[in-house]
Amino acid sequence: MLVVDRFEDGYAIIENGDEYFKIKKRQLPEAAKEGSILKVSDKGYEIDIEATEMRRKEILKLQDSLWE
């Protein structure tokens, strides 16, 4: 799973499991932000909207469980 970890100096730092690599921010869709899950297509990188939303919900659920 490719996840946008952060942005630094015009680059996106991408997490792929235990590995990280960087790509130029302009190679990503404009809507990409930290936490976006990416998929590779013939057009380059695209945001996997469904997977990003599922991951966001899982993280919120984990955060909520810390306060119970």
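Residues numbered from 1 in each chain as written. Predicted model: local features only at pLDDT ≥ 70, side-chain atom pairs only at ≥ 80, totals over all residues. Heavy atoms only, no water.

### Some words on the overall build of the chain
Counting its secondary structure elements, the chain contains 1 helix and 5 strands. N-terminal to C-terminal, the α/β element order of the chain is β-β-β-β-β-α. With respect to the principal axes defined by its C-alpha atoms, the chain has extents near 40 × 25 × 20 Å. The buried share among the 68 residues of the chain stands at 21%. (Helix = DSSP H or I, 4+ residues; strand = E, 2+ residues; numbered from the N terminus. Buried < 20%, exposed > 50% of the residue type's maximum accessible area, 1.4 Å probe, protein only.)

### Considering the side chain of Ser-36
Summarising the element assignment, Ser-36 is placed in the loop between strand S3 (19-24) and strand S4 (37-41). If near-sequence neighbours (up to four positions away) are discounted, Ser-36 is found in contact with Leu-2, Val-3, Val-4, Ala-31, Ile-47 and Thr-52. (Contact = heavy atoms within 4.5 Å.)

### Side note on the pattern of salt bridges
Evaluated as defined, the whole model comprises 3 salt bridges. Between Glu-53 and Arg-56 there is a salt bridge whose closest N-O contact spans 2.7 Å. With Glu-53 and Arg-56 both in helix H1 (residues 49-66), this residue pair falls 3 residues apart, about one helical turn. (Salt bridge = Lys/Arg side-chain N within 4 Å of Asp/Glu carboxyl O.)

### Some thoughts on the environment of Val-3
Structurally, Val-3 is set in strand S1 (residues 2-8). Residues contacting Val-3, with those up to four places away along its chain left out, are Ile-13, Ile-14, Glu-15, Gly-35, Ser-36, Ile-37 and Arg-55.

### Here we look at the nonpolar core
Of all hydrophobic cores here, the largest spans 9 residues; its members are Leu-2, Val-4, Ala-12, Ile-14, Ile-23, Leu-28, Ala-32, Leu-38 and Ile-47. Among the secondary structure elements, those contributing two or more residues to this core are S1 and strand S2 (11-16). Every residue in contact with Leu-28, bar those within four places of it in the chain, is listed here: Val-4, Phe-7, Ala-12, Ile-23, Leu-38 and Tyr-45. (Core = buried A, V, L, I, M, F, W, Y, C linked by side-chain atoms within 4.5 Å.)

### Points about unusual backbone geometry
Here the phi dihedral of Asp-9 falls at roughly 50°; this positive angle occurs in a residue that is not glycine. Within the fold, Asp-9 resides in the loop between S1 and S2. Judged by its relative accessible area of 78%, Asp-9 falls in the exposed class.

### Comments concerning the sheet that holds S4
Judged by pairing direction, the sheet is antiparallel, and its 5 strands sit side by side in the order S3-S2-S1-S4-S5 without closing on themselves. Whereas interior strands pair on both sides, the edge strands pair on one side only; in this sheet they are S3 and strand S5 (44-47). Across this sheet, the average inter-strand angle for adjacent strands is 45°, counted without regard to direction. Of the strand pairs in this sheet, S2 and S3 are connected by 6 bridges, and their pairing is antiparallel. Looking across to S3, one finds that Glu-15 is bridged to Tyr-20. Strands S1, S4 and S5 of the sheet are contacted by H1, whose axis makes an angle of about 160° with S4. (Pairing = 2+ DSSP bridges. Axes fitted to C-alpha atoms, helices over the stretch in contact; angles between N-to-C directions.)

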